[in-house]
Amino acid sequence: MRPSAKSLRGAAFAAAAALLTHQRLPAAPDVRGFAYCAPPLRPACIETSVSALAMAACDEEVQLFTRTVFRYRECLEREMERAVREANEAIEAWRCRRDKTKCRN
């Protein structure tokens, strides 16, 4: 059974709200040393017609989405920096192993 768009939006909203209120979410699994940065979900209300009453709620969703996009970007930047550091450390270790004169110590 596929989750409904409404339940997916609710889950995304709850996750984004937790991020914005600095609550800790369960740690994302590391895949070979890489942290996962979950991309934000675009609010469905942008694509559908909404009543005047739902407009305010959609406006809040869009604002939350925008803030979540910035958090996502920060996560990607941190992960990119971590990956580059790890690669540099691996290259340095390999060079040192092959030629002791290339070791920093």
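Residues numbered from 1 in each chain as written. Predicted model: local features only at pLDDT ≥ 70, side-chain atom pairs only at ≥ 80, totals over all residues. Heavy atoms only, no water.

### Details of the state of the cysteines
Under the definition given, this model contains 3 disulfides. Here cysteine 45 pairs with cysteine 58 through a disulfide, and the sulfurs are 2.0 Å apart. Between cysteine 45 and cysteine 58, the disulfide has an S-S torsion of 80° and is therefore right-handed. Placement of cysteine 45 in the loop between helix H1 (5–20) and helix H2 (52–98) and of cysteine 58 in helix H2 is noted, with a sequence separation of 13 residues between them. Considered together, cysteine 45 and cysteine 58 belong to a single accessibility category, that of buried residues. Paired through a disulfide, cysteine 96 and cysteine 103 show a sulfur-sulfur distance of 1.6 Å. Residues cysteine 96 and cysteine 103 are joined through a disulfide that is right-handed, its torsion about the S-S bond being 90°. Ordering the disulfide-forming cysteines of the chain by sequence position, one finds them joined as 1-4, 2-3, 5-6. (Disulfide = S-S within 2.5 Å. Helix = DSSP H or I, 4+ residues; strand = E, 2+ residues; numbered from the N terminus. Buried < 20%, exposed > 50% of the residue type's maximum accessible area, 1.4 Å probe, protein only.)

### A look at the confidence of the model for the chain
For the chain, the mean per-residue pLDDT works out to 78, and 67% of the residues sit at or above 70. Ignoring residues within four places in sequence, the model shows residues 11–27, a span with pLDDT below 50, making 14 contacts including any to other chains. (pLDDT = per-residue confidence, 0-100. Contact = heavy atoms within 4.5 Å.)

### Side note on the environment of arginine 104
As for its placement among the helices and strands, arginine 104 is situated in the segment after H2. For arginine 104, a relative accessible area of 70% corresponds to the exposed category. Taking C-alpha positions, arginine 104 is 9.5 Å from alanine 93, a pair spaced 11 residues apart along the chain. Side chain to side chain, arginine 104 and glutamate 92 meet in a polar contact 3.2 Å long. (Polar contact = N/O pair within 3.5 Å; in protein donor to acceptor, adjacent residues only side chain to side chain.)

### Here we look at the pattern of salt bridges
Summed over all chains, the structure comprises 5 salt bridges. The residue glutamate 47 makes a salt bridge to arginine 42 at a minimum N-O spacing of 2.8 Å. Overall, glutamate 47 belongs to the exposed group, its relative accessible area being 55%. By relative accessible area, which is 53% here, arginine 42 ends up exposed. The network of salt bridges with common partners includes Glu79, Arg82 and Glu86. (Salt bridge = Lys/Arg side-chain N within 4 Å of Asp/Glu carboxyl O.)

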